[in-house]
Amino acid sequence: MNALNRTLVAALLIGAVGAAVAGVRVNAVRPSNWSAASAAPVFVPLNSAGATTITFNSTVAGRKVLTYSAECSITAPAGNTSAWLDLDILVNGVTMPPTVGSSDAFCGANSTAGYDGWMRNSITIVIPVVVGANTIRIQARGNAGTTGLWLSDSALVVHD
């Protein structure tokens, strides 16, 4: 009976792990550094090939959960503690709240000139998807004296 119980528990665990993985619609990892030498809006590379658009297909319309995480830093003049990098997450060409506009800081300045104070940040939002192809793009922008943007070691996941 003990061996039967262990077998049943193992089967249940395998089923649970399979169900959790089956809920992932797309994932993209970029294990390297990316920077931009200005504060101008720019689309961020989302995978190791440098793609700035990630596409996935859905068989049903509905809502999914998107999480983006990345190591983040900016450069700004010494003494500036007000500068920040914000992200706009675009799904099928539409910017998703709460990332609309520039008032949502992803990371900020710490008064030191140059890149430093790196931190891993993330955002999780609910997104609408359509039947067929869906696209994801992320646009970074510097604000309030930012002179350079840095994102690294990023991960993007969309799941049920």
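Quick caveat, the model's predicted, so the values are computed rather than measured.

Quick notes on the pairing of strand β3 (residues 54-58)
Now for step 1: What you see with β3 is a clean split: Ile54, Phe56 and Ser58 sit on the buried side and Thr55 and Asn57 on the side with no burial.
Now for step 2: The pairing of β3 with strand β9 (residues 132-143) spans 5 bridges and is classified as antiparallel. Directly across from Phe56, in β9, lies its bridge partner Asn134.

Details of the nonpolar core
Now for step 1: If you look at the biggest cluster of nonpolar residues, it comprises 33 residues, and the most contacted ones within it are Leu66, Tyr68, Leu85, Leu151 and Leu156.
Now for step 2: For this core, the leading source of residues is strand β4 (residues 62-75), giving 5 residues.

Considerations on empty space enclosed by the protein
Now for step 1: By the definition in use, this model includes 1 cavity of 30 Å³ or more.
Now for step 2: As a volume, the largest cavity reaches approximately 40 Å³.
Now for step 3: Lining the largest cavity, in full, are Arg30, Ser32, Trp34, Val44, Pro45, Tyr68, Leu151, Ser152, Asp153 and Ser154.
Now for step 4: Mapped by element, the contributors of at least two residues to the lining of the largest cavity are β1 (24-36) and β10 (148-159).
Now for step 5: Looking at the lining of the largest cavity, the element that brings in the most residues is β10, giving 4 residues.
Now for step 6: Residue composition of the lining of the largest cavity, by class: 5 nonpolar, 3 polar and 2 charged.

So, the packing of aromatic side chains
Now for step 1: Counted according to the given criterion, the structure contains 3 aromatic pairs.
Now for step 2: The interplanar angle of 40° and the centroid separation of 6.1 Å between the aromatic rings of Tyr68 and Phe106 together place this pair among those described as tilted. Residue Tyr68 is found in strand β4, and its partner Phe106 is found in strand β7 (residues 105-108); the two are separated by 38 residues along the sequence.
Now for step 3: Overall, Tyr68 belongs to the buried group, its relative accessible area being 1%.

Examining the state of the cysteines
Now for step 1: Counted according to the given criterion, the structure contains 1 disulfide.
Now for step 2: With a sulfur-sulfur separation of 2.0 Å, Cys72 is cross-linked through a disulfide to Cys107. An S-S torsion of about -60° defines the bridge between Cys72 and Cys107 as left-handed. Of the two residues, Cys72 is situated in strand β4 and Cys107 in strand β7; the sequence distance between them amounts to 35 residues.
Now for step 3: For Cys72, a relative accessible area of 0% corresponds to the buried category.

Calculation criteria
Within every chain, residues take consecutive numbers counted from 1 along the sequence as written. Selection of residues for local features in this predicted model requires a pLDDT of at least 70, selection of side-chain atom pairs for listing and counting requires 80 or more, and totals for whole chains, interfaces and linings are taken over all residues. Remark: hydrogens and water are excluded; side-chain values derive from all non-hydrogen atoms of the structure. Per-residue accessibility, obtained with a 1.4 Å probe over protein chains only, is compared with the maximum for each type, and a residue is labelled buried under 20%, exposed over 50%, and partly exposed between these values. Think of it this way: any DSSP run of H or I at least four residues long counts as a helix, any run of E at least two long counts as a strand, and we number them from the N terminus. When DSSP finds at least two bridges between two strands, those strands are taken to pair. What makes a nonpolar core is a set of buried Ala, Val, Leu, Ile, Met, Phe, Trp, Tyr and Cys residues whose side-chain atoms join them at distances within 4.5 Å. Detection works on a 1 Å grid of protein atoms alone, calling trapped sets that fit a 1.4 Å probe cavities and calling open sets with protein on both sides within 12 Å along at least five of seven lines pockets, with lining residues defined by an atom within 4 Å of a point. Grid points are joined across faces, edges and corners, and a volume is the space filled by probe spheres set on the points. Residue type decides the class: Asp, Glu, Lys and Arg count as charged, Ala, Val, Leu, Ile, Met, Phe, Trp, Tyr, Cys and Pro as nonpolar, and the leftover types, Gly among them, as polar. Only the six-membered ring of Trp is used, alongside the rings of Phe and Tyr, when aromatic pairs are assigned; centres must lie within 6.5 Å, and planes under 30 degrees apart are stacked while those over 60 apart are edge-to-face, with the rest tilted. Note on terminology: disulfide denotes any pair of cysteine sulfur atoms within 2.5 Å.

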